[in-house]
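Here are the chains, one letter per residue:
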Amino acid sequence: MKGVRFIPVFMAMQLLGGWACGSEAEMKSALEYWAQREAEYNAALSVAATDEQRASLPPPSVTDFAPRLWKTIRNQTGTREVAPVSGGHRANGKETAAARKVPTYEFDEAWAAPAVVWFLNHPEALAKLFEHAPKKLVTYTEALLESVRNKHYSSPFIGEACARLAENSGAQVYAVLEKIYDCNTDPAVRGAAALAMSIMLNNPTLAEGSGGMAHVRAKRLYLIRQALNLCPQDARFGSLSVTEVAEEQIYRIRHLSVGTIPPQLKVTDGEGKVSSFPVLGKVNLLFFWSPAEDVGLSIMKKQSALMRQYPELEVCPIVPYSQPEQFRSMMTDQEILSCYMDDEKGTGGQAYRVAVLPTAVLVDEHARVLYIGYPDMQLQTALNECFASPQRKKNSPPPASSPAAPVTRPVTPPAAPVPKGSDEPPALRELPQF
């Protein structure tokens, strides 16, 4: 299709052209073999009649294939000088910076971009290769990323790695994505990098260096708009379309980020009474947990201490749906003071995008999110700051929510819609010392 530039790595081999050295030819052959295995697997999936049959089909093994591909790009080709570091020699009584030489490899060459993309997308394969040599694993992982910073940032194939790079949280990876976005000439690749940068800015550590909360929110929406404008309609970002990922990120920015108003949810207690949270006019702690996991259970055991420490706090513990008898039995057996259940469809968990239990959501009296995430010391800090001043302006109206920047491509509500018949919107690890 005209304009589409996301090209599977095995097809890239047909476009590189030019004279192929031995390693390049071997890389092409290896990637063609991998593409054939994937095609056979997908064909088998398409004809499988049942979920059981599909589950029984083993996908191609990335760890078995990795040594073959790695062999084609691993050889050292020389050395290069990197930017001077602090320290160094003294000349005429003045300290000068010393240049440093590092090895270069075949994967630093432009022709190796498709193999670099493959390893970036399968870090578990590289980890398996060097499971008995952790120092080499660190060295090669950093060297592969450095090859993107120095060479492959301009490749038309690097867009395929942006979704996996977005799963990182480090400033170094963000800087690589920024360089791809600034310097690559392929619009679709730039769009993928923009979307990955927006996702990474959800990390508080990265966001702190990008301005205040309002600035970060605006920047994330701008980058999403860029992704939608630059990418063709059918462009992919990992296993999903760019549009699907953009819609989901917009939902999270609008409803599940600090300063926004989260979805209202309805939950049921042990007697079948339905309650709605957050409660306007009170500070709310929505706590998604399960008695099957130890961290959430240990926090729930301290529920009375939490309520004594913060008597104005409205605590709403929520567990996944179970039969009412089982729910009441759980509360009795675990000596839980109060708790609520999500519905059978898990509407509350979906609306709040709960991927890991436990998850805590602290909401102020104006129904604005103060904290959302794992219940670690950051939650403790948010609680302390919330209740630190007795002059909290409970009666002041919340600031009007800034409208999201318009996008060229229409954006529909994201996944996890509200069940029919409902009028409600849809949907580190130190423990806090309660």
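Refer to the structure printed above.
As the structure is a computational prediction, the values presented were derived from the model and not from experiment. (Residues numbered from 1 in each chain as written. Predicted model: local features only at pLDDT ≥ 70, side-chain atom pairs only at ≥ 80, totals over all residues. Heavy atoms only, no water.)

J.: What is the right way to look at the pattern of salt bridges in this model?
T.: For side chains bearing opposite charge, pairing can occur when the charged atoms are close. Under the counting rule described, the total for this entry stands at 9 salt bridges. Notably, a salt bridge pairs K128 with E131, separated by 3.1 Å at the nearest N-O pair. Residue classification places E131 among the partly exposed residues on the basis of a relative accessible area of 43%. Linking E248 and R252 is a salt bridge whose minimum nitrogen-to-oxygen distance equals 2.9 Å. Placement of the pair is E248 and R252 together in helix α13 (residues 242–255), with a separation of 4 residues, close to one helical turn. Of the residues examined, R252 reaches a relative accessible area of 32% and is grouped as partly exposed. When salt bridges that share partners are traced, they join E248, R252 and R353 into one network. (Salt bridge = Lys/Arg side-chain N within 4 Å of Asp/Glu carboxyl O. Buried < 20%, exposed > 50% of the residue type's maximum accessible area, 1.4 Å probe, protein only. Helix = DSSP H or I, 4+ residues; strand = E, 2+ residues; numbered from the N terminus.)

J.: Any chance you could explain the packing of helix α10 (residues 187–200) against helix α12 (residues 213–230) here in plain terms?
T.: Pairs of packed helices are described in terms of their axes, by the angle between the two and the distance that separates them. At their nearest, the axes of α10 and α12 sit 8 Å apart, and the two run at 155° to each other. Classified by the angle their axes make, α10 and α12 are roughly antiparallel. Handedness of the α10/α12 crossing: left-handed. Of the residues in α12, those in contact with P187, A188, R190, G191, A194, L195, M197, S198 and I199 of α10 are R220, L223, I224, Q226, A227 and L230. In the contact of α10 with α12, the residues fall into 10 nonpolar, 3 polar and 2 charged. (Axes fitted to C-alpha atoms, helices over the stretch in contact; angles between N-to-C directions. Parallel < 35°, antiparallel > 145°, perpendicular 65-115°, else oblique. Left-handed = near helix turned anticlockwise from the far one by under 90°. Contact = heavy atoms within 4.5 Å. Nonpolar A, V, L, I, M, F, W, Y, C, P; charged D, E, K, R; others polar.)

J.: Even after reading the chapter, I still don't get helix α4 (residues 62–71), so can you show me in this structure?
T.: It helps to recall that an α-helix has 3.6 residues per turn; residues three or four apart then point in one direction. Along α4, the residues that are buried comprise V62, F65, A66, L69 and W70. Here the buried residues of α4 occupy an arc of 135° about the axis, which is enough to place them on one side. (Arc of directions from axis to C-beta.)

J.: Hey, could you run me through the nonpolar core in this one?
T.: A general trend in soluble globular proteins is that nonpolar side chains are found buried together. Core analysis: the biggest nonpolar cluster contains 65 residues, and F107, W118 and F237 have the highest contact counts within it. Element by element, the count of residues in this core is highest for α10, at 8 residues. When sequence neighbours within four positions are dropped, the list of residues in contact with F237 reads C162, A163, A166, A192, L195, A196, I199, V242 and V245. Of all hydrophobic cores here, the second largest spans 26 residues; its members include I299, L313, C339 and A360. (Core = buried A, V, L, I, M, F, W, Y, C linked by side-chain atoms within 4.5 Å.)

J.: Before we go on, may I ask you to explain the environment of E248 in this structure?
T.: Taking the relative accessible area as the measure of exposure, E248 reaches 16% and is therefore buried. The spacing of E248 and R353 is 105 residues in sequence and 9.8 Å in space, taken between C-alpha atoms.

J.: What is the right way to read helix α18 (residues 377–388) from this model?
T.: Between its first and last C-alpha, α18 extends 16 Å over 12 residues, near the 16 Å set by a 1.5 Å rise per residue. Within the span of α18, buried status applies to L379, Q380, A382, L383, C386 and F387. Projection of α18 onto a plane perpendicular to its axis shows the buried side chains occupying an angular sector of 160°, all on one side. Turned more than 90 degrees from where α18 packs its buried face, E385 and A388 sit exposed. Lining the buried residues of α18 we find β9 (283–288), α15 (303–309), β10 (313–319), β12 (359–363) and β13 (369–373). (Expected span 1.5 Å × (residues − 1).)

J.: Help me understand the packing of α4 against helix α5 (residues 113–121) in this model?
T.: At their nearest, the axes of α4 and α5 sit 11 Å apart, and the two run at 150° to each other. Classified by the interaxial angle, the pair formed by α4 and α5 is roughly antiparallel. The way α4 lies across α5 gives a crossing that is left-handed. In this structure, α4 contributes V62, F65, A66, L69 and W70 to the contact, and α5 contributes A115, W118 and F119.

J.: Just to check I follow, could you spell out the state of the cysteines for this structure?
T.: Each disulfide consists of one covalent bond between the sulfur atoms belonging to two cysteines. According to the stated counting rule, one finds 0 disulfides in the structure shown. Summary of cysteine pairing: C316 is not part of a disulfide, and the nearest cysteine sulfur, belonging to C339, is at 8.1 Å. Classification of C316 as buried rests on a relative accessible area of 0%. (Disulfide = S-S within 2.5 Å.)

J.: Can you help me understand the packing of aromatic side chains in this one?
T.: Both the distance between ring centres and the angle between the ring planes are used here to describe each pair of aromatic rings. Across all of its chains, the model carries 15 aromatic pairs by this definition. Plain terms: the ring middles of Y33 and F65 are 6.3 Å apart, the flat faces sit at 20° to each other, and that makes the pair stacked. Placement of Y33 in helix α2 (residues 22–47) and of F65 in helix α4 is noted, with a sequence separation of 32 residues between them. Taking relative accessible area as the criterion, Y33 reaches 37% and is therefore assigned partly exposed. (Phe/Tyr/Trp six-rings, centres within 6.5 Å; stacked < 30°, edge-to-face > 60°.)

J.: Help me understand the pairing of β12, please; the structure alone is not making it clear to me.
T.: Remember that side chains alternate between the two faces of the sheet whenever the strand is regular. Buried residues dominate β12, accounting for 5 of its 5 residues. By the alternation rule, side chains of β12 split into T359, V361 and V363 and A360 and L362, which are all buried. Summarising the sheet, β9 and β12 pair through 5 bridges and their orientation is antiparallel. Its bridge partner being in β12, F287 is matched across the sheet by A360. Across 4 bridges, β12 lies against β13 in antiparallel orientation. The residue of β13 that forms the bridge with V363 is V369. Adjacent in sequence and paired antiparallel, β12 and β13 are bridged by 5 residues, among which A367 carries a positive phi angle near 65°. (Pairing = 2+ DSSP bridges.)

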